[in-house]
Amino acid sequence: MPHITRPRRVRTALLSGGLALALAVGGATAWAADRFLIEHVEISDVSAYEAENSTATPTTGSASTAGTVDGDTYSDGETSVTVSQVVTGSGDDTLTYYVADVVLADATRLRSAFAKDQFGENITETTSGIAEDNDAVFAINGDYYGFRDTGIVIRNGVVYRDSPARTGLAFYADGTVRVYDETTTSADELLADGVWNTLSFGPAIVEDGATVDGIEDVEVDTNVGNHSIQGEQPRTAVGVIDDNHLVFVVVDGRADGYSRGATLTELADIMTGLGAETAYNLDGGGSSTMYFDGDVVNQPSNGGERGTSDILYIGE
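All values reported here derive from a predicted model rather than from experimental measurement. (Residues numbered from 1 in each chain as written. Predicted model: local features only at pLDDT ≥ 70, side-chain atom pairs only at ≥ 80, totals over all residues. Heavy atoms only, no water.)

A. Spotlight on unusual backbone geometry. Each neighbour pair has its own omega, and for Gly 202 with Pro 203 the value is 5°, a cis peptide bond. Looking at where Pro 203 falls in the secondary structure, it is placed in the loop between strand E13 (195-199) and strand E14 (204-207). Within the chain, Asp 117 stands out as a residue other than glycine whose phi angle is a positive 55°. Relative to the elements of secondary structure, Asp 117 occurs in the loop between strand E6 (110-114) and strand E7 (119-121). (Helix = DSSP H or I, 4+ residues; strand = E, 2+ residues; numbered from the N terminus.)

B. Region of interest: the nonpolar core. Of all hydrophobic cores here, the largest spans 51 residues; its most connected members are Val 81, Phe 138, Ile 205, Phe 248, Met 271 and Met 290. Residues within four places of Met 271 in sequence aside, it is in contact with Ile 205, Val 206, Ala 237, Val 238, Gly 239, Val 247, Val 249, Ala 276 and Ala 279. Ala 113, Ala 115, Ala 131 and Tyr 291 belong to the second largest nonpolar core, which has 10 residues in total. (Core = buried A, V, L, I, M, F, W, Y, C linked by side-chain atoms within 4.5 Å. Buried < 20%, exposed > 50% of the residue type's maximum accessible area, 1.4 Å probe, protein only. Contact = heavy atoms within 4.5 Å.)

C. Expanded view of the sheet that holds strand E11 (residues 167-172). Across the sheet, 3 strands lie side by side as E12-E11-E13; this open sheet has antiparallel pairing. With one partner strand each, in any of the chains shown, strand E12 (177-181) and E13 form the two edges of the open sheet. Between one strand and the next, the sheet's axes are offset by a mean angle of 30°, whatever the strand orientation. Pairing geometry for E11 and E13, over 4 bridges, is antiparallel. Its bridge partner lying in E13, Ala 170 is registered against Thr 198. (Pairing = 2+ DSSP bridges. Axes fitted to C-alpha atoms, helices over the stretch in contact; angles between N-to-C directions.)

D. Structural detail: the pattern of salt bridges. For the structure shown, the criterion picks out 8 salt bridges. One salt bridge connects Asp 143 with Arg 155, and the closest N-O pair in it is separated by 3.1 Å. Taken together, the positions of Asp 143 in the loop between strand E8 (136-141) and strand E9 (151-155) and Arg 155 in strand E9 put the pair 12 residues apart, joining distant regions of the chain. Owing to a relative accessible area of 1%, Asp 143 belongs among the buried residues under this scheme. Arg 155 gets classed as buried once you look at its relative accessible area, which sits at 0%. (Salt bridge = Lys/Arg side-chain N within 4 Å of Asp/Glu carboxyl O.)

E. A look at the pairing of E6. Summarising burial for E6: 4 of the 5 residues are buried, a large majority. Of the pairings in the sheet, the one linking E6 to strand E21 (residues 310-315) comprises 5 bridges and is antiparallel in character. Pairing of Ala 113 across the sheet is with Ile 311, part of E21.

Function cannot be read off these values alone, since they describe shape.
Below, the structure written as structure tokens:
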């Protein structure tokens, strides 16, 4: 896979066209502002909250050397991240995506962080901004939990929300990763079983090494905004190759001649081609962002980074 030519980082958060339209409708202005723009802070200092409430002790391994970046690879001797660019097709059928192959010394090296170090709704910051706040060497956008008030949200061994609604992804402290039905369990049960992080978006696109049937018809939410995720779109996904061996993919889109975007089935094919036994779709569109060694390596479809509520990252 070719070496990446990194674009200049842009840290501009843009409103989506749909949101701008909603705000322009007179009678809906107050409702839309409260629903999509006004911050509703539930926890104002997440770092302190996690220090007080985490039931798991993160382990960073016993690397004999400090982490270093050599080209498109970060390594501290035990944990490694290698980022590459893939381009397929030509002309209007060109598809460009970025792959991060991640091997963890310990599952808890993969952490989550919230925008502005706060938990709640409509709290946003760019992926690169959250990454820099947390000394991340690698990061991708997460599930945009703050867009909704449903789902099970466990991050870094702490329960933040327990409102089961959809198919989730659970990262365990022992290195295993599982797709699960949120409605059949609870956050406390998951925590007791050793879950370190959860994601609540979806759908699961690969299970047992094969593409999941019916993924083109799935609706993530039934509320306003992002229930429809079909068609050729910018995408973000995480795949599981083996315990503590993950692969992250960000597909660019909506840019003729550079990248048209991928369907969910195409995303699943990318993941199985990379060796993923399990893969899960995350928030996409203008949110799709991959950050490595101080730069945004892909080209977000909004022309610059869109604010999001959370990231997954590897700290330096």
